[in-house]
Amino acid sequence: FMTYLVGLFIIVIMATSALSMWGGDEEGVEFDGMKFVDSGYGWQTYIGESKVTISSYPLDLENVSIDDVSFSSLNLMGKLYFSINPYDSYQQAVYDFQANIDLFPNVVYSCYEDNDLCSDMPLKDCDDAMDGTGVVIFRETNSSDFVEFSGNCLVIEGKDLLKVTDKLILDYYG
């Protein structure tokens, strides 16, 4: 009888742990009316039919203040330059932007200022944005967070480029 009881106890423990692992409620966080779940690859939410994944912890975006900008006209461009400084921490911000914002033009990486890591890349800034050509500048600065879209040029800058970009993504869908 005791062996039966121990066996039953083990089965119950295994079943409840399996249920909590696969069938339990996913813990999430609510931000700006959206529920985010940590997917292991970032924080995911659904906005309408679109799955949005950002790298920043959503509640860390509460203090990021940027102007609303509409940059959907970038999809009308024939070519789009993503202008960076290789010394900045831009990689994850650019990844989140490209993963969440559907842009149809051919994207070319460029630098917005000359330095030794830019020798094989074109130099592009807002002066190069014209009919058929757009520029997106990802710039780390020590000044306040800033986003502006003007004349086919989108400027994303701030102390934490990833947070500014993730906030822009959420605003884009919101």
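Since the model is a prediction, treat every value here as computed from it, not as a measurement.

Draft legend 1. Layout of the overall build of the chain. Looking only at helices and strands, one finds three helices and nine strands in the chain. When the elements of the chain are put in sequence order from the N terminus, they spell out α-β-β-β-β-β-α-β-β-β-β-α. Residues classed as buried in the chain amount to 39% of the 174 residues present. The contacts in the chain between residues at least 6 apart in sequence include a share of 58% that link residues at least 24 apart. Surface accessibility of the chain: about 10400 Å² in total, with carbon and sulfur atoms responsible for 50%.

Draft legend 2. Here's a closer look at the sheet that holds strand β4 (residues 50–54). Across the sheet, which stays open at both edges, the four strands sit in the order β1-β2-β3-β4 with antiparallel pairing between neighbours. For this open sheet the edge positions go to β1 (28–31) and β4, each flanked by a neighbour on one side alone. Sheet twist, expressed as the average angle between the axes of neighbouring strands with direction ignored, equals 30°. Bridge count for β1 against strand β2 (residues 34–38) is four bridges, and the pairing is antiparallel. Bridging from a neighbouring strand, E30 pairs with K35 of β2.

Draft legend 3. Representation of the pattern of salt bridges. If you walk through the whole model with that rule in mind, you get three salt bridges. One salt bridge connects R139 with E157, and the closest N-O pair in it is separated by 2.8 Å. Placement of R139 in strand β7 (residues 133–140) and of E157 in strand β9 (residues 153–158) is noted, with a sequence separation of 18 residues between them. Overall, the relative accessible area of 24% leaves R139 in the partly exposed class. The partner of D160 in a salt bridge is K163, with the nearest N and O atoms 3.9 Å apart.

Draft legend 4. Fine view of the state of the cysteines. The final tally for this structure, using the stated rule, is two disulfides. Residue C111 pairs covalently with C118 via a disulfide, S to S 1.9 Å. Measuring handedness by torsion sign, the sulfur bridge of C111 and C118 sits at about -90° and is left-handed. Take C111 and C118: they sit in the same class, and that class is buried. Disulfide connectivity for the chain, with bonded cysteines indexed by sequence position, reads 1-2, 3-4.

Draft legend 5. A look at the packing of aromatic side chains. Applying the stated criterion across every chain, the model contains eight aromatic pairs. On the numbers, 5.2 Å between centres and 90° between planes, the contact of Y172 with Y173 is edge-to-face. Through a chain of ring-to-ring contacts, three or more aromatic side chains come together here, namely F71, F82, F97, Y109, F138, Y172 and Y173. Above the plane of the ring of Y112 lies R139, whose end atom (NZ or CZ) is 4.7 Å from the centre.

Draft legend 6. Local environment of the environment of V136. By secondary structure assignment, the location of V136 is in strand β7. On the accessibility criterion, V136 (0% relative accessible area) is buried. C-alpha separation for the pair V136 and N152, spaced 16 residues apart in sequence, amounts to 8.5 Å.

Draft legend 7. Representation of the packing of helix α2 (residues 91–100) against helix α3 (residues 161–173) within the structure. Orientation of α2 relative to α3, taken along the N-to-C sense of each, is 15°, at an axis distance of 8 Å. Comparing their axes, α3 and α2 come out roughly parallel. Crossing handedness for the pair α2 and α3: right-handed. Contact residues: α2 offers Q92, A93, D96, F97 and N100, while α3 offers L161, L162, T165, D166, L168, I169 and Y173. Along the lines of polarity and charge, the residues of the contact of α2 with α3 split into seven nonpolar, three polar and two charged.

Criteria and thresholds
Residues numbered from 1 in each chain as written. Predicted model: local features only at pLDDT ≥ 70, side-chain atom pairs only at ≥ 80, totals over all residues. Heavy atoms only, no water. Helix = DSSP H or I, 4+ residues; strand = E, 2+ residues; numbered from the N terminus. Buried < 20%, exposed > 50% of the residue type's maximum accessible area, 1.4 Å probe, protein only. Contact = heavy atoms within 4.5 Å. Areas by Shrake-Rupley, 256 points an atom, 1.4 Å probe, with all protein chains shown as cover. Pairing = 2+ DSSP bridges. Axes fitted to C-alpha atoms, helices over the stretch in contact; angles between N-to-C directions. Salt bridge = Lys/Arg side-chain N within 4 Å of Asp/Glu carboxyl O. Disulfide = S-S within 2.5 Å. Phe/Tyr/Trp six-rings, centres within 6.5 Å; stacked < 30°, edge-to-face > 60°. Lys NZ or Arg CZ within 6 Å of the ring centre and 35° of its normal. Parallel < 35°, antiparallel > 145°, perpendicular 65-115°, else oblique. Left-handed = near helix turned anticlockwise from the far one by under 90°. Nonpolar A, V, L, I, M, F, W, Y, C, P; charged D, E, K, R; others polar.

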